[in-house]
Amino acid sequence: MKIEVWSQTARGDRIQIGYSVAKTGMSQFWAHCPLHSSQFSIQANFNGSLGPVRLCRSTILIGVVCTVTDRNRRQFLSDNFSALGTFGVTAALTGLGQRVVHGEQPSHSSGLRPTSDETTGLPLLRLPEGFQYRSFGWTGDIMGDGTPTPAAHDGMGVIASDGDVLTLCRNHEISDDGRSIAFKSGHAYDSRAQAGCTELRFDSAKGEWLDSRVVFSGTSRNCAGGVTPWGTWLTAEETVLGPLDADHYKEDKVRTFEKTHGWVFEVGHTDDDGNPVPLKDMGRFVHEAVAIDRNSGIVYLTEDRSTSGFYRFLPNTPGKLADGGRLEMAEIVGQSDLRGGFQDGAEFDVRWHLIDDPTLAHSPESLKNVSKEGEVGDELGCFKQGQAKGGSAFSRLEGCWFGNGVVYFDATSGGAAKAGQIWQFDPKQQTLKLLFESPSKPTLNMPDNLCVSPQGGLVLCEDNDYGANEYPQRAFTLSQDGKLKLLAENNVQLHGEKNGFRGDYRTKEWAGATFSPDGKWLFINLQSPGITCAITGPWKDAFA
């Protein structure tokens, strides 16, 4: 049975704004209706037959509860567009593998050209003919709330739409300690942690950036995260450091944090005093991305370490993550270690194991070897609990996306060539399938961010490793029939023209790729020096 919620605007546009699928019993789903709509409708499809429906704020339909909620004219359309398109991600990735097996190499030929930014006039990107872009929110730019834009732009997602105006939430992956980002309308989680989130607004009809502001402060290494089906942003910390811990990524510098880190936060969720509250039941580990199954409310999480787990969080109340729940780690039956090479199409059964203490940052055995002040353990408290029960290891799990009823995620350094793997988990069948393993770094070099266009097609961003880094960081398009084409290259070389930045930044990574709901704009970050770009052009050609 499929429940769909539609909004009809005054000019007659019919927009799908929510849906849910349930086999039996009661199913809640999330739908957000704009106040400017002239009418709403709910459709229930029972095995292909349309059933009569009466609309009200809570409508009971043969054992199915549907809840419609107004959100102050902020219509949530994103959820990675799983309700807006039926692009065959599986077919595209399978097609890519078949092309590689038959000797066809991805198109790395540079039909790209240096393209001037419409904001600064600088040739920051190399793009195909016909594409254009506007940069915004450079590190140091003063935002609408008077605060300088933080550095290290990372994960990002479209969380709301009000007419043509889109709202995005952007992470800042800052690991340093010190005074937290000034947050004038709220409180910092940790006054000595410098990462957090900013919110940006973009007019998709005019192609203009509008403004930005701080919406979350006081965390550390906010890497990725994910959009919720109810229109909020989950931001995840890629560290488990706490007060007076030594940071082994920064020459064992002892951090002056006041609180523990390694958590997922829902931006906007606070206690009664307005203080951000970590979702501790979702685990304390080196977090990367988050994706929510909009049918069940189950949350899937990736871990960015050389030995990493694939996790799921089963909330006590779907849609209310702060109510707690249980964290589990996946066992890939018969495969304790997925980091090596497998054939494309290999499929395995999956079962899950409870993490008894999701707040455990380090394994107890690693803490026995701590000898000096500030030294920390192995950062594997959750992973080793799951592994002890049969959980399986992956290699650097990063991007994660839910759509078409399945979860896609990539292992950046997985595979025989350590060039990356892209996996598909099917929650209904409880199976894991390898869609594509890169046979060499020249073919596809360590995919990180995976972004789906609602018009059809994927964008894959490399977090490449070329040794001496003689090549720029790249982004590719993947068409529905499996053709991989070069879309963009980082061309940032600065000599003080903007905010005093100087240097060659071409080897710095892309991050936070996400499309507008209509698929016309690709929003993407250059992590260093810290720039957000809105790119548009002939996408049909790019995905051909």
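Here's what I pulled together on the structure shown here. (Residues numbered from 1 in each chain as written. Predicted model: local features only at pLDDT ≥ 70, side-chain atom pairs only at ≥ 80, totals over all residues. Heavy atoms only, no water.)

**With respect to the overall build of the protein**
From N to C terminus, the protein includes four helices and 37 strands. For the protein, with 544 residues in total, the buried portion stands at 60%. Within the protein, counting contacts between residues at least 6 apart in sequence, those at least 24 apart form 57% of the total. (Helix = DSSP H or I, 4+ residues; strand = E, 2+ residues; numbered from the N terminus. Buried < 20%, exposed > 50% of the residue type's maximum accessible area, 1.4 Å probe, protein only. Contact = heavy atoms within 4.5 Å.)

**So, the pattern of salt bridges**
Taken as a whole and assessed by the stated rule, the structure comprises 24 salt bridges. Between Asp 337 and Arg 339 there is a salt bridge; the shortest N-O distance is 2.6 Å. Asp 337 gets classed as partly exposed once you look at its relative accessible area, which sits at 31%. With a relative accessible area of 29%, Arg 339 lands in the partly exposed category. Lys 384 is the partner of Asp 378 in a salt bridge, and the nearest nitrogen-oxygen pair spans 3.4 Å. Of the residues examined, Lys 384 reaches a relative accessible area of 28% and is grouped as partly exposed. Salt bridges sharing partners connect three or more residues here, namely Asp 176, Asp 177, Asp 247, Lys 253 and Arg 255. (Salt bridge = Lys/Arg side-chain N within 4 Å of Asp/Glu carboxyl O.)

**Focus: the side chain of His 261**
By secondary structure assignment, the location of His 261 is in the loop between strand S18 (253-254) and strand S19 (264-266). Classification of His 261 by relative accessible area gives buried; the value is 0%. Among the polar contacts listed, one links the side chain of His 261 to the side chain of Asp 190, at a separation of 2.9 Å. Not counting the four nearest positions on each side in its chain, His 261 is found in contact with Tyr 189, Asp 190, Ala 193, Gly 218, Thr 219, Ser 220, Glu 237, Thr 239, Val 240, Leu 241 and Arg 284. (Polar contact = N/O pair within 3.5 Å; in protein donor to acceptor, adjacent residues only side chain to side chain.)

**Examining the packing of aromatic side chains**
Enumeration over the complete set of coordinates arrives at 23 aromatic pairs. Ring centres of Phe 342 and Phe 348 lie 5.6 Å apart, and the angle between their planes is 80°; this geometry places the pair in the edge-to-face category. We classify Phe 342 as buried; its relative accessible area is 18%. Centre to centre, the rings of Phe 515 and Trp 539 are 5.2 Å apart; their planes meet at 75°, and the pair counts as edge-to-face. Residue Phe 515 is found in strand S35 (residues 510-515), and its partner Trp 539 is found in helix H4 (residues 539-542); the two are separated by 24 residues along the sequence. Residue classification places Phe 515 among the buried residues on the basis of a relative accessible area of 0%. (Phe/Tyr/Trp six-rings, centres within 6.5 Å; stacked < 30°, edge-to-face > 60°.)

**Remarks on unusual backbone geometry**
Between Ser 528 and Pro 529 the backbone carries a cis peptide bond, its omega angle lying at 10°. On the secondary structure map, Pro 529 appears in the loop between strand S36 (522-526) and strand S37 (531-536). Its identity is not glycine, yet Ala 152 carries a phi of approximately 60°, on the positive side. Along the polypeptide, Ala 152 turns up in the loop between strand S10 (132-136) and strand S11 (153-162). Non-glycine residue Arg 396 carries a positive phi angle of around 55°.

**What to know about the pairing of strand S25 (residues 397-403)**
Summarising burial for S25: seven of the seven residues are buried, a large majority. Across five bridges, the pairing between S25 and strand S26 (residues 406-411) is antiparallel. Counted as the bridge partner of Cys 400 is Phe 409 from S26. Adjacent in sequence and paired antiparallel, S25 and S26 are bridged by two residues, among which Asn 404 carries a positive phi angle near 55°. (Pairing = 2+ DSSP bridges.)

**Observations regarding the sheet that holds S11**
One open sheet accounts for four strands, arranged S11-S12-S13-S14; its pairing is antiparallel. What marks the edges here is a single partner per strand, and that holds for S11 and strand S14 (208-219). The average angle at which neighbouring strand axes cross in this sheet is 20°, direction not considered. Of the pairings in the sheet, the one linking strand S12 (residues 165-172) to strand S13 (residues 195-203) comprises eight bridges and is antiparallel in character. Looking at the pairing, Leu 166 lines up with Phe 202 of S13. (Axes fitted to C-alpha atoms, helices over the stretch in contact; angles between N-to-C directions.)

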